Amino acid sequence: MEIKDFCFASDSTPPLSVIAAAKVASLTLPPPTAAAADSASLPAFVFSNGLKLQGTYVLLRYIGRVAILYGQDPFQSSQIDQWLDYAPVLSVGSEFENACNFIDNYLQSRTFLVEHSLSIADIAIWSGLAGTGLRWERWRKSKKFPNLARWFNSIFDEYSDALNEAISTYAGKKGSGKPAAAKPKGQQVVSGDNPEKGKASSRPSSEVDLPDAEIGKVCLRFAPEPSGYLHIGHSKAALLNQYFAQRYQGQMIIRFDDTNPSKESNEFVDNLLKDIETLSIKYETVTHTSDYFPQLMEMAESLIRQGKAYVDDTPREQMQKERMDGIESKCRSNNVEEHLKLWKEMITGSERGLQCCVRGKLDMQDPNKSLRDPVYYRCNPVPHHRIGSKYKIYPTYDFACPFVDSVEGITHALRSSEYHDRNAQYDRIQADMGLRKVHIYEFSRLNMVYTILSKRHLRWFVENGKVDGWDDARFPTVQGIVRRGLKIEALVQFILEQGASKNLNLMEWDKLWTINKKIIDPMCPRHTAVIEEQRVPLTLTNGPEQPFVRIIQRHKKHEGAGEKATTYTNRIWIDHADAESISVNEEITLMDWGNAIVKEIEKDQDGKVTHLSGVLHLEGSVKTTKLKFTWLPDTSELVNLTLVDFDYLITKKKLEEGESFHDVLNPCTKKETAALGDSNMRNLKRGEILQLERKGYFRCDAPFVRPSKPVVLFAIPDGRQATSLRKTFTFD
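The structure displayed is predicted, hence computed values, not measured ones.

### Some thoughts on the pattern of salt bridges
- Counted under the stated rule, the structure contains 37 salt bridges.
- Ionic pairing is found between Arg483 and Asp701, a salt bridge with its closest N-O pair at 2.8 Å. Of this pair, Arg483 sits in helix α17 (residues 478-484) while Asp701 sits in strand β30 (residues 696-702), placing them 218 residues apart in sequence. Neither Arg483 nor Asp701 differs from the other in exposure class; each is buried.
- Here Asp701 makes a salt bridge to Arg699, at a shortest N to O gap of 3.0 Å.
- Residue classification places Asp701 among the buried residues on the basis of a relative accessible area of 9%.
- For Arg699, a relative accessible area of 8% puts it in the buried group.

### Topic: the environment of Ala675
- When you line up the elements, Ala675 lands in strand β28 (residues 670-677).
- A residue is classified by how much of its surface remains accessible, and Ala675, at 1% relative accessible area, is buried.
- Separated by 187 residues in sequence, Ala675 and Ile488 have C-alpha atoms that sit 29 Å apart.
- For Ala675, the contacting residues outside a window of four places in its chain are Val530, Ile531, Glu532, Val639, Asn640, Leu641 and Leu643.

### Let's talk about the state of the cysteines
- Considering all chains together, one arrives at zero disulfides under this definition.
- Cys524 forms no disulfide, and the closest cysteine sulfur to it belongs to Cys700, at a distance of 13 Å.

### Focus on the packing of aromatic side chains
- Counted according to the given criterion, the structure contains 35 aromatic pairs.
- Summarising the aromatic geometry, the rings of Trp126 and Phe152 are spaced 4.7 Å apart at their centres and angled 10° between planes, so their arrangement reads as stacked. Residue Trp126 is located in helix α5 (residues 120-130), and its partner Phe152 is located in helix α7 (residues 146-158); the two are separated by 26 residues in the primary sequence.
- Using a relative accessible area of 2% as the deciding quantity, one classes Trp126 as buried.
- Each ring, one from Phe293 and one from Tyr394, has its centre 5.7 Å from the other, and the planes form 70°; the classification is edge-to-face. Taken together, the residues span a long stretch of sequence, with Phe293 in helix α11 (residues 293-305) and Tyr394 in strand β11 (residues 393-395) at a distance of 101 residues.
- Here a set of aromatic residues connected by ring pairs shows up, and it is made of Tyr229, Phe268, Trp460, Phe461, Trp470, Phe475 and Phe661.
- Sitting above the plane of the Tyr106 ring, Arg110 keeps its charged end 4.0 Å from the centroid.
- Its guanidinium or amino end placed over the ring of Phe96, Arg135 lies 5.3 Å from that ring's centre, counting from NZ or CZ.

### Digging into helix α9 (residues 232-247)
- Its 16 residues give α9 an end-to-end C-alpha distance of 22 Å, which sits within 8% of 22 Å, the value for a rise of 1.5 Å per residue.
- Gln249 sits one or two residues past α9 and shows a positive phi near 55°.

### Quick word on the sheet that holds strand β7 (residues 286-288)
- The strand order across the open sheet formed by three strands is β5-β6-β7, and the pairing between neighbours is parallel. Edge positions in the open sheet fall to β5 (219-222) and β7, since each of these has one partner strand only. Looking at each pair of strands side by side, their axes are set apart by 35° on average, direction ignored.
- Against the sheet, α9 touches β5 and β6 (251-256), its axis set at about 165° to β5.
- Of the strands in this sheet, β5, β6 and β7 touch helix α10 (residues 266-278), which is tilted by about 155° from β6.

### Observations concerning unusual backbone geometry
- Unlike most non-glycine residues, Asp212 shows phi in positive territory, near 55°.
- Relative to the helices and strands, Asp212 resides in the loop between α8 (160-173) and β5.
- Using a relative accessible area of 55% as the deciding quantity, one classes Asp212 as exposed.
- One non-glycine residue, Asn585, lies in positive phi territory at about 70°.

### Some words on the environment of Ile125
- Positionally, Ile125 belongs in helix α5.
- The class of Ile125 is buried, set by a relative accessible area of 0%.
- Along the sequence, Ile125 and Val712 sit 587 residues apart, while their C-alpha atoms lie 46 Å from each other.
- If we skip the residues at most four places from it in the chain, Ile125 touches Trp83, Ala87, Leu90, Ile103, Leu113 and Trp151.

### Concerning the side chain of Thr642
- Position of Thr642 among the secondary structure elements: in strand β27 (residues 639-646).
- Assessed through its relative accessible area of 14%, Thr642 is described here as buried.
- What Thr642 contacts, discounting residues up to four positions off in sequence, is Glu672, Thr673, Pro710, Val711, Val712 and Leu713.

What counts and how
Residues numbered from 1 in each chain as written. Predicted model: local features only at pLDDT ≥ 70, side-chain atom pairs only at ≥ 80, totals over all residues. Heavy atoms only, no water. Salt bridge = Lys/Arg side-chain N within 4 Å of Asp/Glu carboxyl O. Helix = DSSP H or I, 4+ residues; strand = E, 2+ residues; numbered from the N terminus. Buried < 20%, exposed > 50% of the residue type's maximum accessible area, 1.4 Å probe, protein only. Contact = heavy atoms within 4.5 Å. Disulfide = S-S within 2.5 Å. Phe/Tyr/Trp six-rings, centres within 6.5 Å; stacked < 30°, edge-to-face > 60°. Lys NZ or Arg CZ within 6 Å of the ring centre and 35° of its normal. Expected span 1.5 Å × (residues − 1). Pairing = 2+ DSSP bridges. Axes fitted to C-alpha atoms, helices over the stretch in contact; angles between N-to-C directions.

Structure follows, in structure tokens:
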């Protein structure tokens, strides 16, 4: 159901909060149109089917629900509603300062108004402040409300493109009865309404645009190096390439940048293709930089003959120091014949050749150190995983990338901003080669808290046995996080929400896991488990003399989850933590059964509960009991479980420049807890996601094989921040 019109009364101002929420959520709205006062007394969305929603906060809640900005549960949604009710106070001049003081105190130890992520409550209050113009600006600069100013500035910095555009639209419409174009910051977006022009045309949008892009002519590439598995950072690059290829009706290729045989293998190639398929990346073809080794060698020799490259035998450490100091190599001025002679030595991999490399003759005094005669070719006697021992020399990424990009017809090379200083080098090398220019578009690298994304460092964890492999659930690889229980839909949504922004952000995992929870919760089946250690029996003196079975839904609100068999007996197991919370003669609820009254509590010499006795009270109301427990029947059909939880591999949110990850290794990153599960868990399949009621979400990593071999369940984070390694499994 598409929003066909967005209108507001001609004698009022457009709702900044609605515009801002739509921009932040990347929700496309028609330009707001001032209508006659009697026809649109309240801001309204008119949908394609003729239905209408009216009212600023009604529209805001609609956007919040569409974009998952309206809380994770009814309580959070109600908290957000409280702030939406409070937001109008900011527009009352006499109350403005008091309102700012109240919110400032509230934000003293908070990043967001509700829980740990942005919601429409933040957007409503932010817009209420921004909409007052100079009044808020004066207070913001006065430092009277430091917490409020910090919060305001943080949100603006995080969503600057969207909020700038929203303010521009709001200012253009304010007090005007006629449409006014938004003023995006010089950005252009492809116009789908006029494809025959082919060129990108200007329109209001939160989207960014590729430079000089033409509909149907854009060609992009995702070029991973086969020296590891695909991780969450690579996923962003892959998905952005696909996004732009689809948006411009162009094509995308996968190219393996296989120029370093010392680190690469067919295992990595195979698993990268597997990960690309997992991400549902659509591509035209697969190529390899090694396909172009003959042409690259010809180009290197041509540049040597033209005096644009030379062979250097300076030791590596000395060469690095000379580049830093801007000192030209002693080999730079040698004649072409000498360079070609050494080039042939390099090709044969002779002892003399192994001492040399080919460098570009660019500018050793350039302030941009990437232009100080970079290395183009190095010797390496290690066999290549595709070609074997055919070559003894290999091009560097810096040399091969601009060449292959151009000859393969790439129009736009998407590169993360960490390569910014090398963009000038890319352009210069391409120009020296005499090749067609390829446009570079930068996007921000995806950085996650407590996370290492360097493949070299990840390899260290694998090789030193700190993890079980590249698909370990503690790893940020696609296979690792999927094994942990992340749905690919959540990863795609998380990455595309960030878009192609160039702003550097350190992202929290909680946001990703919160999105994941919203996807898995409505459908995953419910099961029951009891922690094996110190579990407590509860004898029901009036319970069934003979066990009986009932068939119930695995998910009360989703029939598609199937059914399960529940056995009812006069002796059941409950968790020790639950048993410790019960008082004598207290009425409790046994979930999926009914109420019971605990009559006796037996304890050992240390005061720990060892046995409970009670009577069923099935006519009791489950609404009146304070304690509601999961339980399992005391039968031989229970399944042995191992519940596994994980923590971050390092203990610091972000490593500083030059800081070694070895100094912040987490000594305890994996915890296993023995438990018993209901008999239905014999049927779990590997990869199936379930909820253990009152314990959280889990993914089955090892299904049932035999009674003596436990079913292994990996705990899935739900976005609440605290990990189970810092606490015991919760029961709520």
